[in-house]
Amino acid sequence: GQSHTFFLLLICVVSPVKGEAVSQHGHSSNITGIPIISFKWHHVETPYLVAFWVLVSFLGKLVIEANHHVTSVIPESALLICFGFILGGMIWAADKVQTFRLTPTVFFFYLLPQVILDAGYHMPNKLFFTNLGGILVHAVIGTCWNAASLGLSLWGCQMGGAMGDLDIGLLQYLLFGSLMAAVDPVAVIAVFEQVHVNDVLFIMVFGESLLNDGVTVVLFNVFDAFVSLGGPKIDAAEIIKGIVSFFVVAFGGSLVGLVFGLLISLLTRCTKNIQIIEPGFIFVLGYLSYLTAEMLSLSAILSIVFCGMCCQKYINANMDENSVQTVRYAMKAFANGSETIIFVFLGISAIDKVIWVWNTGFILLTLLFVLVYRFIGVFFLTWILNRYRLVPLEFVDQVIMSYGGLRGAVAYGLAVMLDENKIKEKNLMVCTTLIVVYFTVILQGITMKPLVMWLKVKRAAVTEVSLLEKLTNKMFNHTLVAIEDISGQIGHNYMRSKWKYFEENWMSWILMKPSARKKQDQVFDVFHQLNLKDAMEYVTEGERRGSLEFVRNENSIIDFKKKSESESFDINNANMSNDHGAMSTTSRDPIPSVSLEMHEQIMKAVREAEAINAHHLLDQHLYKSRKQHRHRFSRSHFDINRDEKEVQEIFQRTMRNRLKSFTSAKMGVKPPKTIVKHTQKEQQQKPMKILSRSFLGSEGDSASGYDQSYMRATYRAGAGIENPAFMPDLDPMDLLQIPPWLGESELDSSMVALSHRAQVDLPRTPSNLRRLAPLRISTRSTDSFTLENIPDTQSATPITDNIYAWF
Amino acid sequence: MGSSSSSRNKIPNAQELMRQTGFSSAHLLRLHDRFESLDRDNRGYLSPDDFEALGGLAMNPIGGRIIEAFFSSGQDTVDFSSFVRILAHFRPTDRNRNKEGTQQELPSSRTRKLKFAFQLYDLDRDGKISREELLQVLRAMLGLQVTEEQLQSIAERAIQEADLDKDDAISFDEFKKSLEKMDIDTKMSVSFLK
């Protein structure tokens with residue numbers, strides 16, 4: 001229905017446009033009168049065509065995505081190519097010549113960079129670098145193997161007469177092999193995106209597709225030069241130069257990208273006043289890194305990938321939240337748009353009689369060899385790699401890795417760039433390349449998902465079902481890290497911790513805004529987000545029940561969302577709606593009387609929200625161990641990628657605990673009050689034990705086992721109606737259970753080490769703040785506990801900084 | 001590496017340890033070297049402060065518990081065989097072991113791994129993870145920004161999900177059952193200890 005009309009419309013538009021383009025030539029020279037309006041096609045030809053084709057591609061995507069059933073079977077890229085076929089056919093019918101093709105210039109300069117920049121910017125760095133060894137092996141050795149084996153086999157077959165009377169030199173075969181060898185990132189993204197294989201498998205294929213550009217560029221240029229030089233001139237010196245050029249190209253390209261990435265990070269440090277165009281910097285500088293590398297004949301893809309990978313952390317920290325969102329969305333939009341255009345034009349370019357030179361042997365053999373050698377290469381290399389890997393790659397994973405060696409537009413672009421004077425059979429090669437691309441993208445794309453399901457490949461990790469699973473999972477991660485520490489495995493954990501140290505103390509210091517760095521230290525904004533979310537849920541729940549007035553009454557009862565009802569919370573209150581502003585002050589008051597029935601309803605609703613929250617909380621807040629990585633790589637889905645600074649927290653907490661046991665200085669902090677939430681379960685007035693912060697880690701002189709001390713705080717339930725309002729508590733001193741090895745003198749200091757959760761009242765006196773400040777600084781340098789002379793700026797600063805001072 | 005006979009001389013009960021834990025003699029030797037390097041005062045046993053000297057453990061939220069797991073009840077020293085036996089839990093499970101009925105179960109079996117994990121929770125070793133113990137773990141592992149009430153609700157729900165006999169605590173069997181879908185073998189294995 002609608003597709004028919006669309007195509008008719010298209011034909012109507014295309015033909016007159018083409019017709020006019022031709023007829024405009026003679027028109028402008030003879031003017032006989034004043035034209036009221038004139039058709040100035042030439043004036044706008046180029047931008048018009050560009051915009052027009054972009055529009056057409058996007059419309060094609062619109063049509064394709066209209067029917068979800070089709071796209072779940074056939075990947076979108078395949079459908080776009082078919083769409084391109086149709087369009088190409090129409091243009092061909094209109095013009096008898098293919099006026100529109102995917103030219104290498106357009107492709108390499110205008111369409112490819114944003115796809116790769118997007119890939120680099122959203123790259124899960126941790127996952128990438130964990131598997132870097134394997135990725136590099138496949139990218140370098142695998143690609144070289146592909147190129148060499150393909151070239152040599154084809155040449156062998158030609159010699160054997162399988163291709164009729166074709167006559168292509170060995171060097172040209174190797175050149176062809178090199179352009180055919182590279183796995184294409186665009187195709188990989190397009191196909192794997194809908195399949196959701198497990199992280200490691202995906203990153204292996206995807207990382208390989210990105211990094212092999214370094215090899216491809218070198219191989220292509222080297223063999224191109226060899227073909228120009230001719231056979232006899234190639235001696236050892238040239239070959240050595242070729243090998244050297246590989247290192248130069250690869251590392252040089254990465255270096256250029258790194259430099260640009262650092263530049264972007266530095267820039268975003270200063271762009272506070274131009275937040276509106278802040279996002280522009282990354283696009284411009286990313287593109288410049290691509291062009292610079294291209295200018296220096298280095299690997300442009302590597303450059304832009306590393307630029308994106310390097311800067312992602314810093315610009316996300318430095319830039320305003322809106323700018324970050326803008327960058328994300330804009331990048332996805334550009335990348336997705338580019339991909340669409342690429343695939344459409346890949347289809348259109350096929351309908352061109354000029355390039356269709358058919359040689360059955362050549363084409364079929366190429367297809368066969370590409371597939372077979374890919375499998376052989378992957379399996380062999382993985383077999384070697386598995387001997388050194390922590391988690392060996394399974395057999396089915398390897399199958400998918402081999403099958404996922406898709407060729408795409410990069411190969412086609414390189415093929416078109418061949419010089420037909422040097423290579424007479426250029427058209428045959430172009431044609432073959434196109435056929436291979438179609439085969440991989442369409443056929444392998446369609447069969448990828450069924451294959452993955454049939455082989456029962458491990459899919460992307462599904463979230464745990466039960467809280468205990470989730471928790472235990474994290475526990476295992478931490479355990480493994482600890483065991484590795486104990487058993488002295490100096491593996492990539494050691495390197496990673498060294499890198500982390502360097503990164504935190506040097507790079508972040510230079511590249512991140514100070515305020516952003518502070519926020520890295522503590523996850524206050526996460527807490528803030530959570531409160532906002534909770535607040536919105538309240539409102540939703542209240543509205544569901546009829547009125548927000550209801551919500552206002554609820555708030556004073558349901559206080560488990562509040563961490564502390566004191567000043568520290570004013571920030572959140574300021575940001576929340578006015579309804580909630582009253583909460584903090586009323587919370588200490590006795591609750592307004594609410595009928596028991598309403599109370600029940602409230603609790604029930606809240607508990608439902610709680611249940612959702614509990615899972616969500618664990619997701620968000622569980623400390624990630626050093627091995628943990630979390631990402632989602634998809635064209636259309638964003639996840640907030642929170643950086644892990646919990647290690648900092650844990651370390652600080654542990655160190656602080658240790659400090660407490662060593663120092664005998666009395667801090668003189670007011671006894672903290674504990675907040676208690678009364679859960680519905682405990683209908684009886686059962687005192688609920690709140691376990692405050694205990695001493696984790698050891699005290700130096702402890703000889704016995706690790707008993708953990710805890711403080712118990714009880715509360716008194718309100719008379720009559722159960723009063724879940726928190727009652728600021730009593731005197732913890734009475735209830736302190738002092739662990740045997742802690743002397744009397746350390747009693748006071750032990751209180752400071754209470755969980756911040758438990759502390760309701762922030763010690764606000766300047767002297768106390770001063771004391772607390774060293775704790776923060778002390779985590780960086782462990783010898784500065786005696787900072788007496790910190791200027792008392794704390795009391796003057798707003799509350800936000802008081803919170804920061806805790807950490 | 002020294003010849004296997006010299007390693008057996010250095011390590012007491014090497015054969016017995018190898019049989020009990022499944023480690024190879026090369027690994028045993030390497031672990032022995034590690035043990036000696038941790039044992040700074042050359043006492044022949046490890047004490048908690050030897051473990052703490054490892055900076056990485058300080059940054060680990062459950063570092064204290066792991067250390068505690070090495071010190072079996074009441075003792076404050078770890079000798080080499082205990083050291084190795086604990087680490088043996090982290091060997092990858094031998095999937096293709098011959099099923100000999102009389103063979104002692106290796107520490108690296110799934111059940112033993114789970115038992116180890118269970119003991120990380122169950123500090124007082126009463127065979128059940130009570131709500132307080134769960135809370136302690138949560139507190140250790142979750143960031144400081146999570147409030148006490150939120151922790152309570154998480155702990156409660158966790159117990160609710162796993163507790164089948166409604167005794168408000170998680171026994172080992174309930175623990176095992178709730179984790180039956182998890183791939184314990186890979187999640188609790190360190191590779192070089194093959």
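Just so it is clear, the structure is predicted and the values come from calculations on it, not from any experiment.

Student: Could you give me a rundown of the nonpolar core, with the residues and numbers involved?
Tutor: Formed by 144 residues in total, the largest nonpolar core has its most connected members in Trp53(A), Phe107(A), Leu112(A), Leu154(A), Ile282(A), Leu346(A) and Phe362(A). Here this core takes 17 residues from helix α10 (residues 199–229) of chain A, the largest share from any one element. Residue contacts for Leu112(A): discarding those within four places in its chain leaves Phe107(A), Val186(A), Tyr290(A), Ile301(A) and Val410(A). One finds Phe35(B), Ile67(B), Leu120(B) and Met182(B) within the second-largest nonpolar core, a separate group that totals 61 residues.

Student: Talk me through the packing of helix α14 (residues 321–348) of chain A against helix α18 (residues 426–454) of chain A; I want residue IDs and the actual numbers.
Tutor: All names here are of chain A. Two numbers describe how α14 lies on α18: the axes approach to 11 Å, and their chain directions differ by 130 degrees. Between α14 and α18, the angle falls in the class oblique. Handedness of the α14/α18 crossing: left-handed. Mapping the contact onto sequence places Phe343, Leu346 and Gly347 in α14 and Leu434, Val437, Tyr438 and Val441 in α18. The class makeup of the residues in the contact of α14 with α18 is 6 nonpolar, 1 polar and no charged.

Student: Can you explain the UniProt feature "domain: EF-hand" (unreviewed entry) in chain B? Please cite residues and give values.
Tutor: Residues and elements named next belong to chain B. Following the UniProt record, one finds the feature "domain: EF-hand" (unreviewed entry) at residues 26–61, 109–144 and 150–185. Between the C-alpha atoms that bound residues 26–61 there is a distance of 32 Å. The span itself is 61% helix and 0% strand. Here residues 150–185 is 61% helix and 6% strand, with 31 Å between the C-alpha atoms at its ends.

Student: I'd love a proper account of the side chain of Thr433(A), names of residues and values included.
Tutor: All names here are of chain A. Structurally, the position occupied by Thr433 is in helix α18. Here Thr433 falls in the buried class, since its relative accessible area comes to 0%. Those residues in contact with Thr433, other than ones at most four positions away along the chain, are Phe176, Leu179, Met180, Ala411, Tyr412 and Ala415.

Student: Which residues make up the side chain of Thr143(A), and what values go with them?
Tutor: Within the element layout of this structure, Thr143(A) appears in helix α7 (residues 132–159). Each residue touching Thr143(A), except ones within four places of it in the same chain, is listed here: His138(A), Ala181(A), Ala182(A), Asn212(A), Val215(A) and Thr216(A).

Student: Could you give me a rundown of the confidence of the model for chain B, with the residues and numbers involved?
Tutor: Residue and element names in this part refer to chain B. With 82% of its residues at a pLDDT of at least 70, chain B reaches an overall mean of 75. For chain B, the element scoring lowest by mean pLDDT is helix α1 (residues 4–10), at 53; helix α11 (residues 172–178) scores highest, at 85. Here residues 96–103 is modelled with pLDDT under 50, and outside its nearest four sequence neighbours on either side it reaches 4 contacts, counting other chains as well. Under the prediction, the complex receives an ipTM of 0.88, its pTM being 0.63.

Student: Go over the packing of aromatic side chains, please, and point to the residues and values.
Tutor: Centre distance and the angle of the planes are the two values used to describe a pair of aromatic rings. Scanning the entire structure with this criterion turns up 25 aromatic pairs over all chains. Ring geometry for Phe118(B) against Phe175(B): centres 5.3 Å apart, planes inclined by 65 degrees, an arrangement best described as edge-to-face. Of this pair, Phe118(B) sits in helix α8 (residues 110–121) while Phe175(B) sits in helix α11, and the two are 57 residues apart along the sequence. Residue classification places Phe175(B) among the buried residues on the basis of a relative accessible area of 0%. By way of ring pairs, the aromatic residues Phe118(B), Tyr121(B), Phe172(B) and Phe175(B) are connected into one cluster. Between Arg387(A) and the ring centre of Trp383(A), over which it is positioned, the NZ or CZ distance is 5.3 Å. Between Lys115(B) and the ring centre of Phe172(B), over which it is positioned, the NZ or CZ distance is 4.7 Å.

Reading the values: the criteria
- Residues numbered from 1 in each chain as written.
- Chains lettered and ligands numbered in written order.
- Predicted model: local features only at pLDDT ≥ 70, side-chain atom pairs only at ≥ 80, totals over all residues.
- Heavy atoms only, no water.
- Core = buried A, V, L, I, M, F, W, Y, C linked by side-chain atoms within 4.5 Å.
- Buried < 20%, exposed > 50% of the residue type's maximum accessible area, 1.4 Å probe, protein only.
- Helix = DSSP H or I, 4+ residues; strand = E, 2+ residues; numbered from the N terminus.
- Contact = heavy atoms within 4.5 Å.
- Axes fitted to C-alpha atoms, helices over the stretch in contact; angles between N-to-C directions.
- Parallel < 35°, antiparallel > 145°, perpendicular 65-115°, else oblique.
- Left-handed = near helix turned anticlockwise from the far one by under 90°.
- Nonpolar A, V, L, I, M, F, W, Y, C, P; charged D, E, K, R; others polar.
- UniProt positions renumbered as here; feature names shortened; annotations may be inferred.
- pLDDT = per-residue confidence, 0-100.
- Phe/Tyr/Trp six-rings, centres within 6.5 Å; stacked < 30°, edge-to-face > 60°.
- Lys NZ or Arg CZ within 6 Å of the ring centre and 35° of its normal.

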